[in-house]
Amino acid sequence: VQLVESGGGLVQAGGSLRLSCAASGRTFSSYAMGWFHQAPGKEREFVAGISWDGGYTRYADSVKGRFTISRDYAKNTVFLQMSSLKPEDTAVYYCARLSRSYSSPNVDRGSYEYWGQGTQVTVSS
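Colleague: Sorry if this is basic, but what is going on with the overall build of the protein chain here?
Modeller: Scanning the protein chain from N- to C-terminus turns up zero helices and eleven strands. Reading the protein chain from its N end, one meets helices and strands in the order β-β-β-β-β-β-β-β-β-β-β. Taken over the C-alpha trace, the protein chain has a radius of gyration of 13 Å; the compact-globule value for 125 residues is 14 Å, and the two agree within 12%. With the C-alpha coordinates of the protein chain rotated into their principal frame, the extents come out at 40 × 25 × 25 Å. Buried positions account for 44% of the 125 residues belonging to the protein chain. A separation threshold of at least 6 residues defines the contact pool for the protein chain, and within that pool the share at least 24 residues apart is 58%.

Colleague: What is the right way to read the pattern of salt bridges from this model?
Modeller: Opposite charge on two side chains makes pairing possible when the charged atoms of those side chains draw close. The full count for this structure, using the stated rule, is four salt bridges. Between Asp61 and Lys64 there is a salt bridge whose closest N-O contact spans 3.1 Å. Between Arg66 and Asp89 there is a salt bridge, with the nearest N and O atoms lying 2.8 Å from each other. Placement of Arg66 in the loop between strand E6 (57–59) and strand E7 (67–72) and of Asp89 in the loop between strand E8 (77–82) and strand E9 (91–101) is noted, with a sequence separation of 23 residues between them.

Colleague: What is the right way to read the environment of Arg100 from this model?
Modeller: Relative to the assigned elements, Arg100 resides in strand E9. On the basis of relative accessibility, which here comes to 61%, the residue Arg100 falls in the exposed class. Taking the C-alpha atoms as reference points, Arg100 and Val1, separated by 99 residues in sequence, lie 14 Å from one another.

Colleague: Honestly, the packing of aromatic side chains in this entry has me stumped. Any pointers?
Modeller: By convention here, two paired aromatic rings are described through the distance between centres and the angle between planes. Counted according to the given criterion, the structure contains six aromatic pairs. In this structure, Arg71 is placed above the aromatic ring of Phe28, and the distance from its NZ or CZ to the ring centre is 4.3 Å. Between the NZ or CZ atom of Arg97 and the centre of the ring of Tyr31, over which it lies, the distance is 3.5 Å.

Colleague: Can you walk me through unusual backbone geometry in this structure?
Modeller: Residues apart from glycine generally show negative phi values, whereas peptide bonds are mostly found in trans. The phi angle at Asn76 is positive, at roughly 50°, despite the residue not being glycine. Mapped onto the fold, Asn76 is located in the loop between E7 and E8. Of note, the phi angle at Tyr102 is positive, near 50°, even though the residue is not glycine. For Tyr102, the location among the structural elements is in the loop between E9 and strand E10 (112–115).

Colleague: Explain the nonpolar core here, please?
Modeller: In summary, soluble globular proteins display a tendency toward joint burial of nonpolar side chains. Counting residues in hydrophobic clusters, the biggest one holds 26 residues, and the most contacted among them are Trp35, Val47, Phe67, Leu80, Met82 and Tyr93. For this core, the secondary structure elements donating two or more residues are strand E3 (17–23), strand E4 (31–38), strand E5 (45–50), E7, E8, E9 and strand E11 (119–124). Residue contributions to this core peak at four residues, all from E3.

Colleague: Could you clarify how one ought to interpret the sheet that holds E8 in this entry?
Modeller: Hydrogen bonding along the main chain pairs the strands of a sheet, whether they run parallel or antiparallel. Read from one edge of the open sheet, four strands run E1-E3-E8-E7, paired in antiparallel fashion. One side of each edge strand has no neighbouring strand; the edge strands of this open sheet are strand E1 (3–6) and E7. The sheet shows a mean angle of 15° between the axes of neighbouring strands, direction not considered.

Criteria and cut-off values
Residues numbered from 1 in each chain as written. Predicted model: local features only at pLDDT ≥ 70, side-chain atom pairs only at ≥ 80, totals over all residues. Heavy atoms only, no water. Helix = DSSP H or I, 4+ residues; strand = E, 2+ residues; numbered from the N terminus. Rg over C-alpha atoms; globule rule 2.2 N^0.38 Å. Buried < 20%, exposed > 50% of the residue type's maximum accessible area, 1.4 Å probe, protein only. Contact = heavy atoms within 4.5 Å. Salt bridge = Lys/Arg side-chain N within 4 Å of Asp/Glu carboxyl O. Phe/Tyr/Trp six-rings, centres within 6.5 Å; stacked < 30°, edge-to-face > 60°. Lys NZ or Arg CZ within 6 Å of the ring centre and 35° of its normal. Core = buried A, V, L, I, M, F, W, Y, C linked by side-chain atoms within 4.5 Å. Pairing = 2+ DSSP bridges. Axes fitted to C-alpha atoms, helices over the stretch in contact; angles between N-to-C directions.

Below, the structure written as structure tokens:
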């Protein structure tokens, strides 16, 4: 399984970005997916997750109402739409696939088996 993120960049505070994570393999539809971020000197933290069937999503409190996670089964891709961006959103963003199939997303990064290489998001004030 390979996960490839894209869509990061530099944006001003209040702006928007949409991150994409393209997954290889035929089992994309069987697994929950998550987005995490990691700022310099900090641990990797859960941002958002979506269940294997797309019917359940969960978000970190810091991004609720601003970020939206979604998935496209035809494209084997998961998205993170980020709006009203703040300087504190600056980080490397990673997508990940949950290790257990047919489950809901988990905030624990240890529950995820595959990770992308990350994409940098920088929000200027």
